[in-house]
Amino acid sequence: MTRNFSLAEALDEAKQGYAAENPASAAQHERARAALPGGNTRTVLYYDPFPLAFARGEGAQLWDLDGHRYTDLLGEFTAGVAGHSNPAIRRAVIAALEGGINLGGHNTFEPRFAEAVRARFPAMEQLRFTNSGTEANLLAISTAIAVTGRQKILAFGGGYHGAVFTIGAPVNINAPFDWVVAPYNDTEAALALIDANADQLAAVILEPMLGGGGCIPAEPAFLHALRTATAQHGILLIFDEVMTSRLAPGGLGAAHGVQPDLMTLGKYVGGGMSFGAFGGRADLIARFDPSRPDALPHAGTFNNNVLTMAAGLTTLSEVFTPEAAAALNALGDSLRERLNAMCRDAAVPMQFTGRGSMLAVHMTAAPIRRPADAAVGNMAARDLFFFDMLRAGYWIARRGMMALSLPLTAADADGFAAAVAGFLTERGALLKG
Ligand SMILES: Cc1ncc(COP(=O)(O)O)c(C=O)c1O
């Protein structure tokens, strides 16, 4: 590695090394291409030359088809907070399976799981379950439209609320709501758009920290201003906490002291099974009470499926307790501070944003408040970081995102810090150049 490569050459060499090391993943990708376009059924997992395929996972470890072992720092994009083999969740799922799959009626888990969600997240006065975060947001937005009688939805560029909700992207297959798009963390611009559309806006929806958009936290003043303005105009404020609810015991909105009218959940809350939930103010969610003559309908074959209900109940009550969340977020905060100090000391244009157990790497040293600030980072350098971390045995998202999970130890954090130190030493000159 001492030869004087350009960044493009170094990336090319890293990709070639990756391809040579992973013939079984390459073969599976080739085979999958016949039935799945590009061998893919989940866009975020794709990267060139071909994505890794995994054989199994245990704790915070993963093994790919060619037998390489990785420390899992991605944690299934926040859904895998408990790791791959949590014994309590396994027991709960097996016990639920033994009671019969798909009972076609109410089961004993759903009210208890709903109580646990309600007890944990103060904004969730009442709630309903869905099968994904996408569906939860579809229902939350549709609820806002139904109860306000207004049509417009204000969302923020760089926000991601699910498969049909990539906000501000030039190409999208978004749900055909009447969108108004505002810049994230820009209070003045957002308030001006709210004012201009006040009597037509049903809801303002946002993540209290952009997750997929680069782990960019909302500034507290921005959240408070949105709360005040929406309340003034009778617009419902929706917090999409599909990712961020893990960042504080009651969710990230609660940590900021801002209570939305509606809130959505997903990912880890279902214990690793397909999951989503939307809920909020009791007077709004009560519209779904089927005994009411004006009830809003909300069907869904798998809304109360026993695997999710059982796994989710165990996760919230026994596994990802408020204490466990606090400890994991502290591990993430200390790791991020340590990595950022290393980048600063090496004077390499690279930083780790985020909060608690969610991190994202960006290849710029300038402050990042909005997605546009992150977009100036060198994408080839970020790709090189991804392939170098794989080679060092760390699984992260190609786009640089990480989400820590409970089985990770301080030694794992030390190991990753050492791998990042190696990257800074070996590649720092390329990144500066
Ligand atoms: C903030 C946010 N909302 C919603 C979703 C969609 O959740 P799902 O993938 O379960 O549909 C995601 C998924 O990444 C997300 O990050």
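Residues numbered from 1 in each chain as written. Predicted model: local features only at pLDDT ≥ 70, side-chain atom pairs only at ≥ 80, totals over all residues.

J.: Could you clarify how one ought to interpret the overall build of the protein chain in this entry?
T.: Helices and strands together make up the secondary structure of the protein chain, namely 14 helices and 16 strands. For the protein chain, the C-alpha radius of gyration of 22 Å lies close to 22 Å, the compact-globule estimate for 433 residues. Taking the principal axes of the C-alpha coordinates as reference, the protein chain spans close to 75 × 55 × 45 Å. Across the 433 residues of the protein chain, 48% fall into the buried class. If you take every contact in the protein chain between residues at least 6 apart in sequence, the share linking residues at least 24 apart comes to 73%. (Helix = DSSP H or I, 4+ residues; strand = E, 2+ residues; numbered from the N terminus. Rg over C-alpha atoms; globule rule 2.2 N^0.38 Å. Buried ≥ 20, exposed ≤ 12 C-beta atoms within 10 Å, placed from the backbone. Contact = placed C-beta atoms within 7 Å.)

J.: Any chance you could explain helix 6 (residues 187–196) here in plain terms?
T.: Residues spaced three or four apart along an α-helix face the same direction, because each turn holds 3.6 residues. Three or more residues of helix 6 are buried, namely Ala-190, Leu-193 and Ile-194. Along helix 6, the residues classed as buried sweep out an arc of 100 degrees about the axis, all on the same side. Summarising the geometry of helix 6, the exposed residues directed more than 90 degrees from the buried face are Glu-188, Ala-192, Asp-195 and Ala-196. (Arc of directions from axis to C-beta.)

J.: Would you mind showing me how to read the site of the ligand here?
T.: The environment of the ligand is formed by 17 residues, the closest being Ser-132, Gly-133, Thr-134, Gly-162 and Val-242. Counting residues per element, the shell around the ligand draws most heavily on helix 5 (residues 133–148), at three residues. Partitioned by chemical class, the residues of the shell around the ligand number five nonpolar, 10 polar and two charged. (Near = placed C-beta within 6 Å. Nonpolar A, V, L, I, M, F, W, Y, C, P; charged D, E, K, R; others polar.)

J.: Where do I start with unusual backbone geometry in this structure?
T.: Among all residues save glycine, negative phi is the norm, and among peptide bonds the norm is trans. Following Asp-48, the chain continues into Pro-49 via a peptide bond in cis, with omega recorded as 5 degrees. Relative to the assigned elements, Pro-49 resides in the loop between helix 2 (23–32) and strand 1 (54–58). Even without glycine at this site, Cys-215 takes up a positive phi of about 50 degrees. Even without being glycine, Lys-267 reaches a positive phi, approximately 50 degrees. With respect to the element layout, Lys-267 can be found in the loop between strand 11 (262–266) and strand 12 (276–280). Looking at Lys-267, the number of C-beta atoms within 10 Å reads 25, which means it is buried.

J.: What should I look at first to understand the domain arrangement of the protein chain in this one?
T.: Under the domain assignment used here, the protein chain contains domain 1 (7–81 + 323–432) and domain 2 (87–319). For domain 1 versus domain 2, the separation of C-alpha centres amounts to 27 Å. At the level of elements, helix 11 (322–345), strand 13 (351–355), strand 14 (358–362) and helix 12 (371–375) are the ones that each hand at least two residues to the side of domain 1 that touches domain 2. Here the side of domain 1 that touches domain 2 takes four residues from strand 14, the largest share from any one element. For the side of domain 1 that touches domain 2, a count of residues per class yields 11 nonpolar, eight polar and three charged. (Domains from an automatic or database assignment.)

J.: I tried to follow the nonpolar core on my own but got confused; where do I start?
T.: One broad rule of soluble globular proteins: the nonpolar side chains tend to lie buried together. Ranked by internal contacts, the top residues of the largest apolar core, which has 126 residues, are Val-117, Ala-203, Val-204, Ile-238, Ala-310, Ile-396 and Met-402. A total of eight residues in this core trace back to one element, the largest contributor, which is helix 10 (residues 306–319). If you count residues domain by domain, this core takes at least three from each of domain 1 (7–81 + 323–432) and domain 2 (87–319). When neighbours within four sequence positions are excluded, Ala-203 is seen to be in contact with Ile-141, Ala-144, Ile-153, Ile-235, Leu-236 and Ile-238. (Core = buried A, V, L, I, M, F, W, Y, C linked by C-beta atoms within 7 Å.)

J.: Can you walk me through the environment of Ala-429 in this structure?
T.: Turning to its location among the elements, Ala-429 is positioned in helix 14 (residues 410–432). Measuring from C-alpha to C-alpha, the distance between Ala-429 and Leu-7 comes to 9.5 Å, with 422 residues separating the pair along the chain.

J.: Where do I start with the sheet that holds strand 14 in this structure?
T.: Consider a sheet: its strands pair through backbone hydrogen bonds, and that pairing is either parallel or antiparallel. Reading across the sheet, the three strands line up as 13-14-16 and stay open at both edges, with antiparallel pairing between neighbours. Since the sheet does not close on itself, it has two edges, and those belong to strand 13 and strand 16 (401–403), each with one partner. Sheet twist, expressed as the average angle between the axes of neighbouring strands with direction ignored, equals 25 degrees. Pairing of strand 13 with strand 14 involves five bridges; the strand directions are antiparallel. Residue pairing across strands places Gln-351 opposite His-362, the latter belonging to strand 14. Across the sheet, helix 11 is in contact with strand 13 and strand 14; its angle to strand 13 comes to roughly 160 degrees. (Pairing = 2+ DSSP bridges. Axes fitted to C-alpha atoms, helices over the stretch in contact; angles between N-to-C directions.)

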